[in-house]
Amino acid sequence: MALIEGLILHTTAYRDNDLLVKVFTKDAGIITAMARGAKKQKSKLAPVGQAFTWVVFDGIYPKNQQGLGFINSIQESRIYKNVVTDLTAAAYAALIAKDLTVAFDENVPQPEWYEKTLAAFKQLNAKKDPQVVANIMELQLLPVFGVSPNWVRDPLSGAETGDFDYSDKYNGIIEKSHFDMDDHRLHLDQKTVYYLRLFSTIDISKLGSVTLSPMTKRGIQRVVDYLYDQQVGFQPKEKRFIQKMAAFEGQLQIKPRKKESDS
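Asks: Describe helix H2 (residues 87–103), with residues and values.
Replies: The terminal C-alpha atoms of H2, which comprises 17 residues, lie 24 Å apart, in line with the 24 Å expected from a rise of 1.5 Å per residue. Those residues of H2 lying buried are Ala-89, Ala-90, Ala-91, Tyr-92, Ala-93, Leu-95, Ile-96, Ala-97, Asp-99, Leu-100 and Ala-103. Residue Asp-86 occupies the N-cap position of H2, its side-chain oxygen lying 3.1 Å from the main-chain nitrogen of Thr-88.

Structure representation (structure tokens):
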């Protein structure tokens with residue numbers, strides 16, 4: 001038995017009343033644990049049935065770092081209320097959770113990323129822009145996937161200031177004087193480049209108020225999606241849901257045409 005702290009990332013129904021719970025734990029990284037009877041009414045394990053809940057539970061880690069762990073009783077739990085009740089925040093939280101489960105092998109301690117994940121959920125719960133929070137996590141997860149764009153300086157001149165664009169050919173930013181050396185650069189505006197560079201290194205726990213224009217947000221998302229599509233090779237269904245949701249919300253924002261008055 002052990003006292004285990006972690007964040008519930010995902011749950012899956014198992015048999016009639018049991019749950020398989022994906023938990024990002026403080027000490028053992030991501031594990032899958034069985035919660036017997038958690039689906040029963042008035043079950044004392046009910047808190048683990050809600051994704052995006054922080055918990056401390058008595059349980060057992062997977063034996064020899066393989067198979068399933070077990071959740072026996074809950075000692076503490078704290079739900080990120082805004083993350084659960086706000087559809088947009090929940091959608092981006094699900095995307096972050098999916099990225100984490102794909103990026104990291106189970107039963108491998110990830111203390112730095114555990115703290116970073118809690119910080120991200122704290123920011124979502126504080127109603128920070130969920131796309132910004134997710135983009136920061138996505139950009140900073142890229143090296144875990146083996147993709148490390150250079151956001152610091154132009155590799156050809158060493159320039160760290162100036163006008164930049166992203167170049168696949170040079171695996172990162174290049175300065176304006178070298179734009180003609182890559183016909184396939186992404187033609188990004190400078191605000192987008194600025195925030196890509198910032199988000200790739202910012203301490204998410206210190207994220208302040210960030211208000212971006214729709215154009216800048218689209219530019220950042222375009223680059224993030226491009227990198228995950230082209231270099232990581234990963235496009236989760238959670239992202240497709242967000243795209244569909246954004247398209248639907250865009251339709252709702254279109255005002256109906258006024259009927260012409262009878263002449």
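Asks: Give me the lowdown on the environment of Ala-13, citing residues and values where you can.
Replies: Of note, Ala-13 is situated in strand S1 (residues 2–14). Separated by 36 residues in sequence, Ala-13 and Gly-49 have C-alpha atoms that sit 9.2 Å apart. With residues up to four places along the chain from it excluded, the contact list for Ala-13 reads Asp-18, Leu-19 and Lys-39.

Asks: Provide a residue-level description of the nonpolar core, including the pertinent values.
Replies: Ile-96, Leu-100, Phe-121, Trp-151 and Phe-199 are the most contacted members of the largest nonpolar core, which totals 57 residues. Here the element with the most residues in this core is H2; it accounts for eight residues. When sequence neighbours within four positions are dropped, the list of residues in contact with Phe-121 reads Leu-7, Phe-52, Tyr-80, Val-83, Ala-93 and Ile-96. Counting residues in each nonpolar core, the second largest holds 16 residues, with Leu-19, Ala-28, Val-48 and Phe-57 among its members.

Conventions and cut-offs
Residues numbered from 1 in each chain as written. Predicted model: local features only at pLDDT ≥ 70, side-chain atom pairs only at ≥ 80, totals over all residues. Heavy atoms only, no water. Helix = DSSP H or I, 4+ residues; strand = E, 2+ residues; numbered from the N terminus. Expected span 1.5 Å × (residues − 1). Buried < 20%, exposed > 50% of the residue type's maximum accessible area, 1.4 Å probe, protein only. Polar contact = N/O pair within 3.5 Å; in protein donor to acceptor, adjacent residues only side chain to side chain. Contact = heavy atoms within 4.5 Å. Core = buried A, V, L, I, M, F, W, Y, C linked by side-chain atoms within 4.5 Å.

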